[in-house]
Amino acid sequence: MLPFIQALLRAPAEVGAVLPSSRHLAHAMAQVAAASDRGGNLLEIGAGSGALTRALLARFGRERLKVVECSPPLASVLRQRFPQLTVLEQRAEQVLNTAALHADHLLVVSSLPFKSLPLRQARRVAKAYQALVLQGGSVVQFSYGRRPPFPVSAGLPLRWQPQCRVWRNLPPATVWQLCRA
């Protein structure tokens, strides 16, 4: 919990929550990801302290999973908790630019706090997620409240599909999947 608090104090907009995700939200995200899986690589973005990472490992194993966390204290915790995993200490948009070259069948499971990210960063990541889905990849993302994580760009044949509501998380969260319309 201490690394989470340190990251929150250092960059609250990047953490975007006052508590780590619950195991209930992590299991719901992993379940939606499994239903979306087409056998490609799996990229967890915004791994935080690892609640979702643990659920993804249990569901998918370590061979296909790479974890992205830009906060140095949280990335360090992830490396200690999951030494068998590749933990990329980078911003989401940096990793997504490289991942876009292999977007077909790529499954992104994201915990990025779109509502609190700096607007320019949120727009870059949203654009990358939309491009990824248009190229055959999948994106699973949660948000607090009942609104999608970000609006789909006008004219794109995409839409957010709500998958489930997780009441046993503080605050309650909705798990979404970005899909072709």
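Here, every reference points to the structure presented above.
Residues numbered from 1 in each chain as written. Predicted model: local features only at pLDDT ≥ 70, side-chain atom pairs only at ≥ 80, totals over all residues. Heavy atoms only, no water.

1. Concerning empty space enclosed by the protein
The gaps of empty space that remain are located by a probe, the size of a water molecule, rolled over the atoms. Inspection of the entire model under this criterion finds one cavity of 30 Å³ or more. Approximately 30 Å³ is the volume found for the largest cavity. Lining the largest cavity are Ser21, Leu25, Ala26, Met29, Leu52, Ser111 and Phe142. Ranked by residues supplied to the lining of the largest cavity, first place goes to helix α3 (residues 23-36) with three residues. Taken together, the residues of the lining of the largest cavity break down into five nonpolar, two polar and no charged. (1 Å grid on protein atoms, 1.4 Å probe; cavity = no way out; pocket = protein on both sides within 12 Å on 5 of 7 lines; lining within 4 Å. Points joined across faces, edges and corners; volume = space filled by probe spheres on them. Helix = DSSP H or I, 4+ residues; strand = E, 2+ residues; numbered from the N terminus. Nonpolar A, V, L, I, M, F, W, Y, C, P; charged D, E, K, R; others polar.)

2. A closer look at the nonpolar core
With 28 residues, the main nonpolar core has Met29, Leu56, Val109 and Val175 as its most contacted residues. Of all the secondary-structure elements, those providing two or more residues to this core are α3, α4 (51-60), β2 (65-68), α5 (72-81), β4 (107-110), β5 (138-144) and β7 (173-180). Here this core takes seven residues from α3, the largest share from any one element. Discounting chain neighbours no more than four positions away, the residues touching Leu56 are Ala30, Ala33, Leu42, Glu44, Gly61, Leu65 and Val109. In this structure, Leu43, Ile45, Ala92 and Val133 belong to the second largest nonpolar core, which totals 26 residues. (Core = buried A, V, L, I, M, F, W, Y, C linked by side-chain atoms within 4.5 Å. Buried < 20%, exposed > 50% of the residue type's maximum accessible area, 1.4 Å probe, protein only. Contact = heavy atoms within 4.5 Å.)

3. Thoughts on the layout of surface pockets
One number sums up the size of the second largest pocket: a volume of about 330 Å³. As for the second largest pocket, its lining consists of 18 residues, of which Asn41, Leu43, Lys66, Leu88 and Ala99 are closest to the centre. Among the elements of the structure, β1 (42-45), β2, β3 (86-88) and α6 (92-99) are those that each provide at least two residues to the lining of the second largest pocket. When residues in the lining of the second largest pocket are grouped by element, the largest group, three residues, is from α6. Counted by class, the lining of the second largest pocket contains eight nonpolar, six polar and four charged residues.

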